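Notes for the structure review
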Amino acid sequence: DDFKNFCKDIAMHIAGRDPFPMYVSDDEIPAALVERERTFQLEKAKETGKGKPENIIAKIVDGAVGKWKKDICLLDQEFVKDPSKDIRTLQLELSAKTGEKITIRRFTRYSLGDGLQKKEQDFAQEVAAQVASTAK
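Residues numbered from 1 in each chain as written. Predicted model: local features only at pLDDT ≥ 70, side-chain atom pairs only at ≥ 80, totals over all residues. Heavy atoms only, no water.

On to the overall build of the protein chain. The secondary structure content of the protein chain amounts to five helices and two strands. Compactness check: the protein chain gives a C-alpha radius of gyration of 23 Å against a globular reference of 14 Å for 136 residues, more than 25% above the reference. Dimensions of the protein chain, computed from C-alpha atoms along their principal axes, come out at roughly 75 × 55 × 25 Å. Across the 136 residues that make up the protein chain, the buried fraction comes to 25%. (Helix = DSSP H or I, 4+ residues; strand = E, 2+ residues; numbered from the N terminus. Rg over C-alpha atoms; globule rule 2.2 N^0.38 Å. Buried < 20%, exposed > 50% of the residue type's maximum accessible area, 1.4 Å probe, protein only.)

In structure tokens, the structure reads:
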């Protein structure tokens, strides 16, 4: 029962969390994506922190990248039902309670409308086609 409740809670968390998790843990994030975020945060920090020493800007960038990773990694996110705990803590608590090693290896999140593209059509062409079909 504890495991089933844990699974339901995690599924609810993944479905309801905004921003939703993209990776289980930060070691799954591609290095190129981390570097892109680091570059973005560095440019942002240099713009907003003009006149600050480089070591302070580096700390600001490290903090911003760490926060970004925490937002997109499931195990590091605050649990939606109890923000005082993260998902990793819930997983460890369940492992201790059941005596079994519990590991979240992967997940899939479905969203209504994913992959659907809106049909684009020229309104004038649509009207002309309707006029032509009624004129016959």
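This next bit is on the packing of aromatic side chains. For the structure on display, the rule yields zero aromatic pairs. When the ring centre of Phe20 is taken as origin, the NZ or CZ atom of Arg109, which lies over that ring, is 4.2 Å away. (Phe/Tyr/Trp six-rings, centres within 6.5 Å; stacked < 30°, edge-to-face > 60°. Lys NZ or Arg CZ within 6 Å of the ring centre and 35° of its normal.)

What follows covers the nonpolar core. Within the largest apolar cluster, 12 residues are counted, these being Phe6, Ile10, Ile14, Val24, Leu74, Leu75, Phe79, Ile87, Leu90, Leu94, Ile102 and Ile104. At the level of elements, α1 (2–16) and α4 (87–98) are the ones that each hand at least two residues to this core. Setting aside residues up to four positions removed in sequence, Leu75 forms contacts with Val24, Ser25, Asp86, Ile87, Arg88, Gln91 and Ile104. Among the nonpolar cores identified, the runner-up in size contains 11 residues, and Ile29, Ile57, Val65 and Ile72 belong to it. (Core = buried A, V, L, I, M, F, W, Y, C linked by side-chain atoms within 4.5 Å. Contact = heavy atoms within 4.5 Å.)

Its 12 residues give α4 an end-to-end C-alpha distance of 17 Å, which sits within 8% of 16 Å, the value for a rise of 1.5 Å per residue. Considering only its buried residues, α4 is in contact with α1, β1 (78–79) and β2 (82–86). Downstream of α4 by a residue or two, Gly99 has a phi angle that is positive, lying close to 80°. (Expected span 1.5 Å × (residues − 1).)

Attention now moves to the packing of α1 against α4. Axis separation between α1 and α4 bottoms out at 11 Å; the angle between their running directions is 170°. Looking at the two axes, α1 sits roughly antiparallel to α4. In this structure, α1 contributes Asp2, Phe3, Phe6, Ile10 and His13 to the contact, and α4 contributes Ile87, Leu90, Gln91, Leu94 and Lys97. (Axes fitted to C-alpha atoms, helices over the stretch in contact; angles between N-to-C directions. Parallel < 35°, antiparallel > 145°, perpendicular 65-115°, else oblique.)

This part is about the side chain of His13. Residue placement: His13 occurs in helix α1. With sequence-adjacent residues up to four places away left out, His13 is seen in contact with Leu74, Gln77, Glu78, Phe79, Val80 and Ile87.

The subject of this paragraph is the pairing of β2. Of the pairings in the sheet, the one linking β1 to β2 comprises two bridges and is antiparallel in character. Counterpart to Glu78 in the pairing with β2 is Asp86. Turn length for the β1-β2 hairpin, with the two strands adjacent in sequence and antiparallel, is two residues. (Pairing = 2+ DSSP bridges.)

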